[in-house]
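Commentary on secondary and tertiary structure
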Amino acid sequence: MADDLTGGCLCGAVRYRCRGEPDSQGLCQCERCQKQSGSSFLIAVVYAEFAVEINYAALQTYTAYDDGGAALNRHFCGVCGSAVMITLDRYPEIRSMMGGTVDDKSRLNPTFCLWCSSGQPWLELPTAIEQFPDYPDGLIA
Ligand SMILES: [Zn+2]
Ligand SMILES: [Zn+2]
């Protein structure tokens, strides 16, 4: 399909295809996402689980638990270490693909940013991106 979103890791061991347009796109500046991305924020391109085809065998997973005990699984390439996808036990029906792994960056259009309170001081986001100091109740991302 022409409008499928494709992507993969730095070395090419992990490739994926997502059907159609994402449900949402957002950024996260929490300390954990800064660590994992090795950068100032993480880009999450959110799809329904059923819309994502990915070779799970090439992925390794680091799981951490939030204060409520829910698991957040960070999936990365076992060869090159690229962060590729996040899954949440709380929301098993969604997949968050990491924006830096998308082939066609013109498809990226994040509309919100989480955890701006822990952002790096030099970073100023465009005002078109809705900015939250933490993780607002009710949001699924
Ligand atoms: Zn790789
Ligand atoms: Zn985060």
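Refer to the structure above for everything that follows.
The structure contained in this document is the topic of the report that follows. Everything numeric here is computed off the predicted structure, so don't read it as measured data.

Overview of the sheet that holds strand β5 (residues 52-54)
- Here we have 3 strands laid out as an open sheet, ordered β1-β2-β5, and antiparallel in their pairing. In this open sheet, the two edge strands, each paired with only one partner strand, are β1 (5-8) and β5. This sheet shows a mean twist of 15° between the axes of neighbouring strands, independent of strand direction.
- Of the strand pairs in this sheet, β1 and strand β2 (residues 15-18) are connected by 4 bridges, and their pairing is antiparallel.

Examining the nonpolar core
- Formed by 17 residues in total, the largest nonpolar core has its most connected members in V14, Y16, C18, Y47, I54, V84 and M97.
- Residue assignment for this core shows that the elements contributing at least two residues are β2, β4 (42-48), β5 and β8 (83-88).
- The residues contacting Y16, other than those within four sequence positions of it, are L5, T6, G7, G8, E53, I54, V84, M97, M98, T101 and V102.
- Judged by nonpolar contacts, the second largest core, of 14 residues, contains C33, L88, I94 and F132.

Points about the coordination of the zinc ion (ligand 2)
- Summarising the metal site, the zinc ion (ligand 2) is bound by the protein donors C28 (SG), C30 (SG) and C33 (SG), whose distances to it range over 2.1 to 2.2 Å.
- Look at where the donors of the zinc ion (ligand 2) fall in the sequence and you get C-x1-C-x2-C. When sorted by exposure, C28 lands in the same class as C33, which is buried.

Examining the side chain of T101
- On the secondary structure map, T101 appears in the loop between β9 (94-98) and β10 (112-114).
- Judged by its relative accessible area of 8%, T101 falls in the buried class.
- Polar side-chain contacts of T101 include one of 2.7 Å to the side chain of Y16.
- Not counting residues within four places of it along the chain, the set of residues in contact with T101 comprises G7, G8, Y16, A83 and V84.

Focus on the environment of T6
- Following the sequence through the fold, T6 ends up in strand β1.
- For T6 and D104, which are 98 residues apart along the polypeptide, the C-alpha to C-alpha distance reads 7.6 Å.
- Other than its neighbours up to four places away in sequence, T6 contacts R15, Y16, R17, V102 and D103.
- Here the side chain of T6 touches D103 through a polar contact of 2.7 Å, side chain to side chain.

Let's talk about the pattern of salt bridges
- For the coordinates displayed, the defined rule picks out 3 salt bridges.
- For R107, the salt bridge goes to E21, with nearest N and O atoms at 3.3 Å. Here the residue R107 occupies a position in the loop between β9 and β10, and E21 occupies one in the loop between β2 and β3 (24-28), the gap between them amounting to 86 residues.

Thoughts on the sheet that holds β9
- An order of β6-β7-β8-β9-β4-β3-β10-β11 is seen for the 8 strands of this open sheet, with the pairing classed as mixed. Two strands lie at the open edges of the sheet, namely β6 (59-65) and β11 (130-131), each paired on one side alone.
- Pairing between β4 and β9: 5 bridges, direction antiparallel. Among the inter-strand pairings, V45 is bridged to a residue of β9, identified as M97.

Here is what the cut-offs are and how they apply
Residues numbered from 1 in each chain as written. Chains lettered and ligands numbered in written order. Predicted model: local features only at pLDDT ≥ 70, side-chain atom pairs only at ≥ 80, totals over all residues. Heavy atoms only, no water. Pairing = 2+ DSSP bridges. Helix = DSSP H or I, 4+ residues; strand = E, 2+ residues; numbered from the N terminus. Axes fitted to C-alpha atoms, helices over the stretch in contact; angles between N-to-C directions. Core = buried A, V, L, I, M, F, W, Y, C linked by side-chain atoms within 4.5 Å. Buried < 20%, exposed > 50% of the residue type's maximum accessible area, 1.4 Å probe, protein only. Contact = heavy atoms within 4.5 Å. Donors = N, O, S within 2.8 Å, 3.2 Å for Na, K, Ca; no water. Polar contact = N/O pair within 3.5 Å; in protein donor to acceptor, adjacent residues only side chain to side chain. Salt bridge = Lys/Arg side-chain N within 4 Å of Asp/Glu carboxyl O.

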